[in-house]
Amino acid sequence: MVPTADHFDVVVIGGGPGGYATALYGASAGLNIAMIEKGRLGGTCLNVGCIPAKELLETAATFLHVNEASEYGINAGEASIDWSASLGRKDKIVDQLITGLGALLKSRKVTVLDGHGRLHEGKRVTVSGGSSGDIELTGDAIVLAPGSVPRTNPAREDPAGPRRRSLPFPPARRPGPTVGQESPATIPKTSAVAEVTRRRACAGT
Ligand SMILES: Cc1cc2nc3c(=O)[nH]c(=O)nc-3n(C[C@H](O)[C@H](O)[C@H](O)COP(=O)(O)OP(=O)(O)OC[C@H]3O[C@@H](n4cnc5c(N)ncnc54)[C@H](O)[C@@H]3O)c2cc1C
């Protein structure tokens with residue numbers, strides 16, 4: 001690790017919506033910001049989440065519109081989907097947005113570093129494994145914006161190891177205060193939802 005004298009008002013770890021919004025707001029307020037991203041700028045949302053999902057939804061909507069066009073007196077024939085064209089369009093949109101985001105960060109003078117950020121005591125942050133090289137920064141404030149990863153419910157994990165127990169599906173019904181012993185057919189919709197939420201938990205974004 002090569003120590004540097006780089007000190008910033010704020011060091012942000014993670015370049016997704018949480019991280020880049022923090023960096024942009026901070027820079028607008030006149031702060032000197034460093035933002036570290038180990039993958040592509042934009043995080044889940046731009047690369048694999050919100051934006052790609054909307055493109056695929058648009059593909060599906062267009063497909064339906066064309067297939068139902070005859071109802072509106074438009075003869076467009078039977079629609080079919082060319083996935084490589086659809087995914088190519090998605091990639092183009094994602095690339096444009098990431099390029100735009102990079103330009104915006106640059107114009108606000110945010111120092112964007114490519115690599116894995118790690119927080120140490122004394123508000124020191126090391127960056128390693130990316131094209132920015134192995135460097136060390138310090139910040140008056142450190143913002144952790146690394147996003148989240150899905151995980152399973154620990155209560156359902158096999159204590160013997162990572163091999164997952166095979167669980168009955170659907171899980172055996174237990175009588176609960178909300179639905180008692182009613183059969184699913186007689187459970188009002190709201191109660192069914194209440195029972196599902198009683199048995200499952202979702203945390204994070
Ligand atoms: C299919 C799908 C569709 C979605 N649609 C929507 C939608 O329509 N509207 C909406 O509001 N939300 C949507 N979301 C949710 C949205 O994507 C997330 O809420 C958002 O991306 C969270 O932003 P974030 O910055 O917290 O985390 P992320 O976007 O996950 O960004 C975290 C970033 O930090 C980086 N990172 C992590 N650790 C380190 C480290 N140690 N060093 C350096 N970098 C690190 C990661 O590489 C990543 O780029 C969707 C999500 C999915 C999966």
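Residues numbered from 1 in each chain as written. Predicted model: local features only at pLDDT ≥ 70, side-chain atom pairs only at ≥ 80, totals over all residues.

Another point: the nonpolar core. Formed by 20 residues in total, the largest nonpolar core has its most connected members in Val11, Val12, Ala23, Ile33, Ala34, Met35 and Ile36. Mapped by element, the contributors of at least two residues to this core are β1 (2-13), α1 (17-28), β2 (33-37) and β5 (124-128). Ranked by residues supplied to this core, first place goes to β1 with 5 residues. (Core = buried A, V, L, I, M, F, W, Y, C linked by C-beta atoms within 7 Å. Buried ≥ 20, exposed ≤ 12 C-beta atoms within 10 Å, placed from the backbone. Helix = DSSP H or I, 4+ residues; strand = E, 2+ residues; numbered from the N terminus.)

On to the confidence of the model for the protein chain. Taken over all residues, the pLDDT of the protein chain has a mean of 83, while the share at 70 or more is 75%. This stretch, residues 176-205, has a pLDDT under 50; its non-local contacts, to residues over four places away or in other chains, come to 15 contacts. (pLDDT = per-residue confidence, 0-100. Contact = placed C-beta atoms within 7 Å.)

For the rest of this paragraph, the subject is α1. Helix length check: α1 (12 residues) gives 16 Å between terminal C-alpha atoms against 16 Å at 1.5 Å per residue, within 8%. Within the span of α1, buried status applies to Gly19, Tyr20, Ala23, Gly26 and Ala27. Taken down its axis, α1 places every buried residue within 130 degrees of arc, on the same side. Opposite its buried face, α1 presents the exposed residues Ala21 and Ser28, each directed more than 90 degrees away. At the C-terminal side of α1, Gly30 shows a positive phi close to 90 degrees. (Expected span 1.5 Å × (residues − 1). Arc of directions from axis to C-beta.)

For the rest of this paragraph, the subject is the pairing of β5. Of the two faces of β5, the one holding Val125 and Val127 is buried and the one holding Arg124, Thr126 and Ser128 is not buried anywhere. Judged from the 5 bridges that link them, strand β4 (residues 116-120) and β5 form a sheet pairing that is antiparallel. By the bridge assignment, Gly117 is partnered in β5 with Val127. Taken together, β4 and the strand that follows it, β5, pair antiparallel across an intervening segment of 3 residues, in which Gly122 is found at a positive phi of about 75 degrees. In this structure, β5 lies alongside strand β6 (residues 135-144), joined through 4 bridges in antiparallel fashion. (Pairing = 2+ DSSP bridges.)

Our next topic: the site of the ligand. Around the ligand, the surrounding shell holds 23 residues, and the nearest of these are Gly14, Gly16, Gly43, Gly49 and Gly147. Broken down by secondary-structure element, the contributors of at least two residues to the shell around the ligand are α1, β2, α2 (43-47), α3 (50-67) and β4. For the shell around the ligand, a count of residues per class yields 8 nonpolar, 13 polar and 2 charged. (Near = placed C-beta within 6 Å. Nonpolar A, V, L, I, M, F, W, Y, C, P; charged D, E, K, R; others polar.)

The next thing to look at is the environment of Tyr20. Position of Tyr20 among the secondary structure elements: in helix α1. Of the residues examined, Tyr20 has 26 C-beta atoms within 10 Å and is grouped as buried. As for Tyr20 and Gly42, which are separated by 22 residues in sequence, their C-alpha atoms are 7.5 Å apart. Not counting chain neighbours up to four residues away, the residues in contact with Tyr20 comprise Gly15, Met35, Leu41, Leu101 and Leu105.

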